[in-house]
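# Breakdown of the fold
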Amino acid sequence: MTAISLFSGCGGLDLGFIKAGFKILWANDYDKEATESYRRNIGNHIVCKSIYDINTDDIPDADVLIGGFPCLGFTVAKKQKFRLRI
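This report concerns the structure included in the present document. (Residues numbered from 1 in each chain as written. Predicted model: local features only at pLDDT ≥ 70, side-chain atom pairs only at ≥ 80, totals over all residues. Heavy atoms only, no water.)

Quick look at the pairing of strand E1 (residues 2-6) now. Most of E1 sits inside the fold, with four of its five residues counted as buried. As judged from the four bridges shared by E1 and strand E2 (residues 23-29), these two strands associate in the parallel manner. Along E2, the bridge assignment pairs Thr2 with Lys23. Where the polypeptide runs from E1 across helix H1 (residues 12-19) and back to E2, its parallel neighbour, the crossover connection is right-handed. Pairing analysis gives four bridges linking E1 to strand E4 (residues 64-67), with the strands arranged parallel. Bridge assignment links Ser5 to a residue of E4, and that residue is Ile66. (Buried < 20%, exposed > 50% of the residue type's maximum accessible area, 1.4 Å probe, protein only. Helix = DSSP H or I, 4+ residues; strand = E, 2+ residues; numbered from the N terminus. Pairing = 2+ DSSP bridges. Right-handed = clockwise from strand over helix to strand, strands pointing away.)

A few words on the sheet that holds E2. On the basis of which strands lie adjacent, the open sheet formed by four strands has the order E3-E2-E1-E4 and parallel pairing. Each edge of the sheet is formed by a strand with only one pairing partner; in this case those strands are strand E3 (46-48) and E4. Neighbour to neighbour, the strand axes of the sheet diverge by 15° on average, direction disregarded. One ladder, built from three bridges, connects E2 with E3; its direction is parallel. The partner of Ala27 across the bridge, within E3, is Ile46. Set on the sheet, H1 makes contact with E1, E2 and E4; between it and E4 the angle comes to about 150°. (Axes fitted to C-alpha atoms, helices over the stretch in contact; angles between N-to-C directions. Contact = heavy atoms within 4.5 Å.)

Listed below in structure tokens is the structure:
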């Protein structure tokens, strides 16, 4: 099985998928240091670019799409207040 990874960070989520037998074809994150760590530890298939600047035609087809969650200490979302509505 193949996967595409968005908001990959340094690759923790991707590593779990790799250990489960997936091949990550393409990954993305905006943080330079995180993508450098990803490259050193997982592979050179990560793109360091804002998701807004990526052309969807540049993303290969895959079986699964992985979407990482924000690291609360680094995301701009930490400045917003969220309420859980049930």
